[in-house]
Amino acid sequence: MTILIAEVPPIRAEDLTPQRPWTQRPKSFWFAALLGIFIPLLILGGLYATTDIAPPLLLIVFYLPLQLIGAAIAAYSTKGKHGIADSSIIVFAVGATILSAIVLGSMLVTIIVRGFEALRPSFIFQNSVYISPSTPLEYGGIGHAIVGTFLIVGIATVISVPLGIATAVYVTEVRGRAVPYVRFFVQAMSGVPSVVAGLFVLTVFILTGVLQQSALAGAIAYAILMLPTVARTAEEVLRLVPEDLRTGALALGSTRARVVLNVVLPAARTGVVTAMLLGIARVVGETAPLLLTALKNDQTVTNPISDPISALPTFIFDNVAQPYPDAVTRAWGAALVLMILVSVLFTITRFLSARKPRK
Amino acid sequence: MATLTWKVLPVAPDTPIRDLSKSKKANRGDRVFNTTITGAAFTSLAVLAGITLFLGAKAVPVVQDQGIGFLTTTIWDTTGVPPEYGIAGMLYGSVLIAFIALFIAVPVSMFLAVFMVFMAPVRVSKLLTNLVDLMAAIPSVIIGLWAFYILVPPAEGWQDLLNQYLGWLPLFQNDSGNFTGTPFVAGVVLAIMMIPIVTSVTAEVLKRTPPELINAAESLGCSMWTMLRYVALPFGRGGIIGGIMLGLGRALGETIAVFFVLKIVYDINFFNIIESGGGSVATLIVAKFGETSGDFEVDVLLAAGFFLFLMTLVVNAIANLIVRRTERLKG
Amino acid sequence: MEEMVVAMKELDVDLARQKGETKPIEMSAHGVSVWFGKHKVLENVNIDFPEKSVTALIGPSGCGKSSFIRTLNRLHELIPGAALAGEVLYKGQDIYRAEVDPVYIRLSIGMVFQKPNPFPSMTIRGNVLSGLKLSGLKRSDHDALVEETLTSAGLWKEVKDRLNSHAGDLSGGQQQRLVIARALAVNPDVLLMDEPCSALDPASTLKIEETIRELSKKITIIIVTHNMQQAVRVSDHTAFFLAEENAPGCVVEQGPTTEVFGNPRDQRTLDYVNGRFG
């Protein structure tokens, strides 16, 4: 009898631990990359210190070509000819990313820094009655605009969420003949400029005397803008509800209506909430429609149909270009509050949609 | 031979008989439900039709009164007898600004999307996706505020430089030496608003490049550039163009962010993008609404809004057609 | 006992000598282990791939064959979280050394995938030549190259009149042969095939197998297959992969195909080739 055993080479230590040799680059690569970044930067710094060429010119006319050449040389010396095109893409891609990051960073930092100057309890809780653009920051606030935003957005939510969900239910559950058309119209509606939504409400409700410029009128305009967002997000989440759940319930003798109301919508409730929040986030900062349909008011207004009303965006709008520094600081303060609202909505939607859909 | 017989059992007299005709009743609830849902689903159609009809109804008398000149002239004479209005400068201005924005936003968005999808490590990519979405969520009035105080001052310097070095191009001519309220600045602001929209659509499209095609390209020794050029971009072309068109539609209708940085001049500014002149329809409506001198002028603004609506509708319809066609081609 | 233990390697070499097949080794894997994140899918694989021969990697699904074949031309590293240990030698050089350009490796060691994946936006001709474009290789005689590679892939007669039609118009089997032609156009020494016939009908499968036999006169072929008859039909050598429950996959047995199938030394191989599991 012969026993055959495969010849196994001795096991080395590095054969037992996972390695990622492709992340190891030869020293020449790091050397070339470092020089490719460092030399252009050095020239940039030198030119900036010794000449008075305007910085944008310096960046675009001097630094960018230098950086492209530097990267190309580095790439050629390590990867050969086929690395050159890639090096340019990398330079442009990293450049685009840094540029966008600077823009976003500048916005967020300015909003926070300038906004904090205005922030104090009275700023949040008081309204702006008796406040003129030149009144010092110690007096008056945006309480009325916060109330206005909540009132308008609240009414808009009550109007648009049921309609948006119904639209989604039509597309995913009822599946009528008109599904492609409904989807097309929802898509088209999402392209309606916000100012046009305001003009529409103005024509239909205000110029005809049905409503006056008020929270309700503004809310209708907001609802027009919210509806497509809610409908499309809700459609996506309803599609995620497993088909078995529907057929199972139907097999038990449920009616279509019961299946939707008692099975499908509850199964997708997180998604439905997400749809609502995304809709709110879409409109909460909209200004143009309110300028046409809700006007402004320094008083705190709680009656949705009686008076014009201010909201955060319109408050900011009114104070942006004022020649008084305190008014501008108020605008930044309101912008910070609005941005906090948007961020909270944004974070909640991220959190909700990151959760796995329930099976 | 045994025969098999069936015994027929009589129904017990107290067995309740199922009346199947009653089962229709349960369906009535369904029918009400279906009708309600179907009705609600047509809200979007109703709103679109309403906008077309009501704004159109306001636009017709304006165009009748002003003639075709409403769309082809640039006069804005509210006190004349009779008053004269023309929005050609505004319509052209909207398009001009939107294209300046495209010119800046598209390359930045493409490269940003490529960085997110093909270069950045997974964590960085996720972070960037969130930041891009956050940028898209910043209200336009805040962007306008930021632009007015932070962007405009340096932007005047940039335009001065453009004029100094490239002033021989008609595009960068400026005889006044004044660089405020120009289409260029408005275009930069719109570009900032478009970048997140175009980037997220492009990134989404690039992410959907089939892995088997990327594998094939890698196994043939592709570089980043050749993979993009021959595989990812041809595959995503339709979706990317659709995304750009969606951004364009948004840019045409954007009002508030542009409002603070664009000066309205009743004139067609064909291409002097760093000299103030022209305007945009959406901004005109907001700027003039507060100071209208009578019902007719409100109607004029409504008519302008009607044409803005038509313009964005067409752009969006084309965008959707492109996106849909490419989706169908891919099955 | 000592003399009874015969190293398998020596046996292989003996058998090869008997058949007059002493071919130099083109590629070899030494102690290759593969991880995805913390999950180890393959352990200590040692295989030599002789030049101008066909080596079949067989085994039940989930045993790490496909992961292994992707380590051979550095496609493995494109998966986030991927890691490996051991070394892969091509012409005696470790392909994972820092100085080695993966592009060079992937051009020398081509690959054909399970699902036919021609580039849908390109024509048939464009697909064949796509490797040149993608890798930046220069060749002047494009027409000759297209004819030569399509002929090698057994597709020339069928498509010579419609080279400019879209690749998507071809049938699945034709697409797979087009993909083979595409891989051949960059002139590789080794061709990796990851279950190239599993998505095809029997007639197309036979054509591909003919192509493989024909190609093996010129280049080295490593083919992953589920189909044991296919392994018998096309391959000179076979390695049998197996993953025991909750353990990473490993090579249970390897050797000349006739030996592995005709006279397996391991009970598990015997069971597998006789269709008792997998």
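Here the structure is a predicted model, which means the values were calculated and not measured.

Examining the overall build of chain C
For step 1, the next point in the chain: Counting secondary structure elements, chain C contains 11 helices and 11 strands.
For step 2, the next point in the chain: Compactness check: chain C gives a C-alpha radius of gyration of 19 Å against a globular reference of 19 Å for 278 residues, within 12% of the reference.
For step 3, the next point in the chain: With the C-alpha coordinates of chain C rotated into their principal frame, the extents come out at 65 × 40 × 35 Å.
For step 4, the next point in the chain: The buried share among the 278 residues of chain C stands at 49%.
For step 5, the next point in the chain: A sequence separation of at least 24 residues applies to 69% of the contacts in chain C between residues at least 6 apart.

What about the overall build of chain A?
For step 1, the next point in the chain: Scanning chain A for helices and strands turns up 14 helices and 1 strand.
For step 2, the next point in the chain: Principal axes of the C-alpha set define a box for chain A whose edges measure 90 × 80 × 40 Å.
For step 3, the next point in the chain: Within chain A, buried positions represent 46% of all 359 residues.
For step 4, the next point in the chain: Here the contacts in chain A between residues at least 6 apart in sequence split such that 72% fall between residues at least 24 apart.

Some words on unusual backbone geometry
For step 1, the next point in the chain: A cis amide bond links Val81 of chain B with the next residue in sequence, Pro82 of chain B, at an omega value of -5°.
For step 2, the next point in the chain: Take Pro82 of chain B: it is sitting in the loop between β1 (76–77) and β2 (84–85).
For step 3, the next point in the chain: Despite not being glycine, Asn187 of chain C shows a phi value in the positive range, around 60°.
For step 4, the next point in the chain: Note that Asn187 of chain C resides in the loop between α7 (172–184) and β8 (190–194).

Some words on the sheet that holds β8 of chain C
Residues and elements named next belong to chain C.
For step 1, the next point in the chain: Here 6 strands make up an open sheet; going across it, the order is β7-β8-β9-β4-β10-β11 and the pairing mixed. The sheet terminates laterally at β7 (109–112) and β11 (250–256), the two strands that pair on one side only. Strand after strand, the sheet turns through a mean of 15° between neighbouring axes, direction not considered.
For step 2, the next point in the chain: Where β7 and β8 come together, 4 bridges link them in parallel fashion. Directly across from Gly110, in β8, lies its bridge partner Leu191.

Some thoughts on the nonpolar core
For step 1, the next point in the chain: Ranked by size, the top nonpolar core spans 296 residues in total, and within it Ile316 and Ala335 of chain A together with Ile142, Val189 and Leu190 of chain B carry the most contacts.
For step 2, the next point in the chain: Here this core gathers at least three residues from each of two domains, domain 1 (27–118) and domain 2 (143–354) of chain A.

Quick look at the interface of chain B and chain C
Interface size is often expressed as the accessible area that is lost when the parts come together.
For step 1, the next point in the chain: Each partner contributes to the interface: chain B provides 17 residues, whereas chain C provides 21 residues.
For step 2, the next point in the chain: Mapped by element, the contributors of at least two residues to the side of chain B that touches chain C are α8 (211–219) and α9 (224–253) of chain B.
For step 3, the next point in the chain: The biggest single contributor to the side of chain B that touches chain C is α8 of chain B, with 7 residues.
For step 4, the next point in the chain: Residue composition of the side of chain B that touches chain C, grouped by class: 11 nonpolar, 4 polar and 2 charged.

A look at the environment of Gln159 of chain B
Residue and element names in this part refer to chain B.
For step 1, the next point in the chain: Mapping Gln159 onto the fold places it in helix α6 (residues 140–166).
For step 2, the next point in the chain: Judged by local crowding, Gln159 falls into the buried class, with 22 C-beta atoms found within 10 Å.
For step 3, the next point in the chain: Counting along the chain gives 19 residues from Gln159 to Asn178, while the straight-line C-alpha distance between them is 9.6 Å.
For step 4, the next point in the chain: Residues in contact with Gln159, not counting those within four places in the same chain, are Phe179, Thr182, Phe184 and Ile274.

Remarks on the domain arrangement of chain A
Residue and element names in this part refer to chain A.
For step 1, the next point in the chain: Partitioning chain A into structural domains gives domain 1 (27–118) and domain 2 (143–354).
For step 2, the next point in the chain: Counting from both sides, the interface comprises 6 residues of domain 1 and, opposite them, 7 residues of domain 2.
For step 3, the next point in the chain: Among the residues making up the side of domain 1 that touches domain 2, the classes are represented as 3 nonpolar, 1 polar and 2 charged.

A closer look at the packing of helix α1 (residues 27–50) of chain A against helix α2 (residues 55–79) of chain A
Residues and elements named next belong to chain A.
For step 1, the next point in the chain: Where α1 contacts α2, the two axes come as close as 9 Å, and the packing angle between them is 165°. Judged by the angle between their axes, α1 and α2 are roughly antiparallel. In this structure, α1 meets α2 at a crossing whose hand is right-handed.
For step 2, the next point in the chain: In the contact of α1 with α2, the residues fall into 18 nonpolar, 6 polar and no charged.

The rules behind these values
- Residue positions are given per chain, counting from 1 as you read along its sequence in written order.
- Think of it this way: whatever chain is written first is A, whatever ligand is written first is 1, and the rest follow in order.
- Since the coordinates come from a predicted model, pLDDT governs what is reported: local features require at least 70, and pairs of side-chain atoms require 80 or more to be given and counted, while whole-chain, interface and lining totals use all residues.
- The way it works is that DSSP assigns letters per residue, a run of H or I at least four long becomes a helix, a run of E at least two long becomes a strand, and they are numbered from the N terminus.
- Atoms counted for the radius of gyration: C-alpha only. Globule rule: 2.2 Å times residue count to the power 0.38.
- Counting other C-beta atoms within 10 Å of its own, a residue is labelled buried from 20 upward, exposed at 12 or fewer, and partly exposed in the gap between, with every C-beta atom placed from the backbone.
- In this description, a residue-residue contact is defined by the distance between C-beta atoms placed from the backbone, which must lie within 7 Å.
- DSSP bridges decide pairing: two strands pair if at least two such bridges lie between them.
- Axes, fitted as lines to C-alpha atoms, cover a helix only where it is in contact. Angles between the N-to-C directions of the axes lie from 0 to 180 degrees.
- For this entry, the nonpolar core is defined as buried Ala, Val, Leu, Ile, Met, Phe, Trp, Tyr and Cys residues connected by C-beta atoms within 7 Å.
- An automatic or database domain assignment is the source of the domain bounds shown.
- Charged means Asp, Glu, Lys or Arg here, nonpolar means Ala, Val, Leu, Ile, Met, Phe, Trp, Tyr, Cys or Pro, and polar covers whatever is left, Gly included.
- What sets the label is the angle itself: under 35 degrees gives roughly parallel, over 145 gives roughly antiparallel, 65 to 115 gives roughly perpendicular, and the rest give oblique.
- Definitions for this section: a left-handed crossing has its near helix turned counterclockwise from the far helix by less than a right angle. A right-handed crossing has that turn clockwise.

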